[in-house]
Amino acid sequence: MIKFINLLLEAKRETFEEFAEKRGEGAAKIASNAEEKGGLALLTWHHFKVKAPYYKKATEGKFNKEASIKEFEQTLKKISLDMSPVEFQREVGRLEVLGELLIREK
């Protein structure tokens, strides 16, 4: 329990930019591993690759909350069962990164 509390306290001390940098590094690693693996793992690559520019912007202090809310809502409306698997993974990845950054920025 103490380890969990310390983890929560550490996360609170982390700046928004540091959070975005760490998340971006994690997403880049997953994307790279999926690209190397190839085949169906390329769907994962599409899901995580789309996140890179969002994390980069946030890391550089260029995150625009209002524009991100608008893009989140537009992306949410776009997602449908009529999409190809690649389109679906890209848009869900975009929705995920925007939501994650918006929630963290609260």
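For the structure itself, consult the block above.
Residues numbered from 1 in each chain as written. Predicted model: local features only at pLDDT ≥ 70, side-chain atom pairs only at ≥ 80, totals over all residues. Heavy atoms only, no water.

Student: Can you tell me about the overall build of the protein chain, naming the residues and giving the values?
Tutor: A tally of regular secondary structure across the protein chain gives six helices and zero strands. Expressed as a percentage of contacts within the protein chain between residues at least 6 apart in sequence, the contacts between residues at least 24 apart total 68%. Surface summary for the protein chain: the accessible area is close to 7500 Å², and the carbon and sulfur share equals 59%. (Helix = DSSP H or I, 4+ residues; strand = E, 2+ residues; numbered from the N terminus. Contact = heavy atoms within 4.5 Å. Areas by Shrake-Rupley, 256 points an atom, 1.4 Å probe, with all protein chains shown as cover.)

Student: Hey, could you go over the nonpolar core for me, with residue numbers and the actual values?
Tutor: Counting residues in each nonpolar core, the largest one holds 14 residues, and the members touching the most others are Tyr55, Ala58, Phe63, Val97 and Leu101. Of all the secondary structure elements, the ones that give two or more residues to this core are helix H2 (16-37), helix H4 (52-59) and helix H6 (85-105). In terms of residue count, the dominant contributor to this core is H2 (five residues). Sequence-distant contacts of Val97, defined by excluding residues within four places in its chain, comprise Lys51, Tyr54 and Tyr55. (Core = buried A, V, L, I, M, F, W, Y, C linked by side-chain atoms within 4.5 Å. Buried < 20%, exposed > 50% of the residue type's maximum accessible area, 1.4 Å probe, protein only.)

Student: Can you tell me about the pattern of salt bridges, naming the residues and giving the values?
Tutor: Within this structure, the stated rule accounts for seven salt bridges. Residue Glu100 is joined to Arg23 by a salt bridge in which the shortest nitrogen-to-oxygen separation is 2.8 Å. Pair noted here: Glu100 is in helix H6 and Arg23 is in helix H2, with a separation of 77 residues, a long-range link. A residue is classified by how much of its surface remains accessible, and Glu100, at 16% relative accessible area, is buried. By relative accessible area, which is 37% here, Arg23 ends up partly exposed. Between Glu91 and Arg94 there is a salt bridge, and its shortest N-O distance comes to 3.1 Å. Of this pair, Glu91 and Arg94 both sit in helix H6, separated by three residues, roughly a single helical turn. The two residues Glu91 and Arg94 agree in class, both being buried. (Salt bridge = Lys/Arg side-chain N within 4 Å of Asp/Glu carboxyl O.)

Student: I'd love a proper account of a negative patch on the surface, names of residues and values included.
Tutor: A cluster of acidic residues, Glu17, Glu18, Glu21, Glu25 and Glu105, forms a negative patch on the protein surface. If you tally residues by element for the negative patch, the top one is H2, at four residues. Looking at the element boundaries, Glu17 is found in helix H2. (Patch = residues over 30% accessible without salt bridge, like charges linked within 9 Å, V, L, I, M, F, W, Y side chains within 5 Å. Lys, Arg positive; Asp, Glu negative; His and termini not counted. Charge placed at Lys NZ, Arg CZ, Asp CG, Glu CD.)

Student: I'd like to hear about H4, residue by residue, with values.
Tutor: All buried positions along H4 are accounted for by Tyr54, Tyr55 and Ala58. Burial along H4 is one-sided: seen end-on, the buried residues are contained in an arc of 95°. Residues of H4 that are buried in the fold lie against H2, helix H5 (65-78) and H6. Two residues or fewer past H4, Gly61 is found with a positive phi of approximately 80°. (Arc of directions from axis to C-beta.)

Student: Would you mind going over H5 in detail, with residue names and values included?
Tutor: The terminal C-alpha atoms of H5, which comprises 14 residues, lie 20 Å apart, in line with the 20 Å expected from a rise of 1.5 Å per residue. N-cap assignment for H5: the residue whose side-chain oxygen lies 3.1 Å from the backbone N of Glu66 is Asn64. (Expected span 1.5 Å × (residues − 1). Polar contact = N/O pair within 3.5 Å; in protein donor to acceptor, adjacent residues only side chain to side chain.)

Function-wise, these values are silent; they only describe arrangement.
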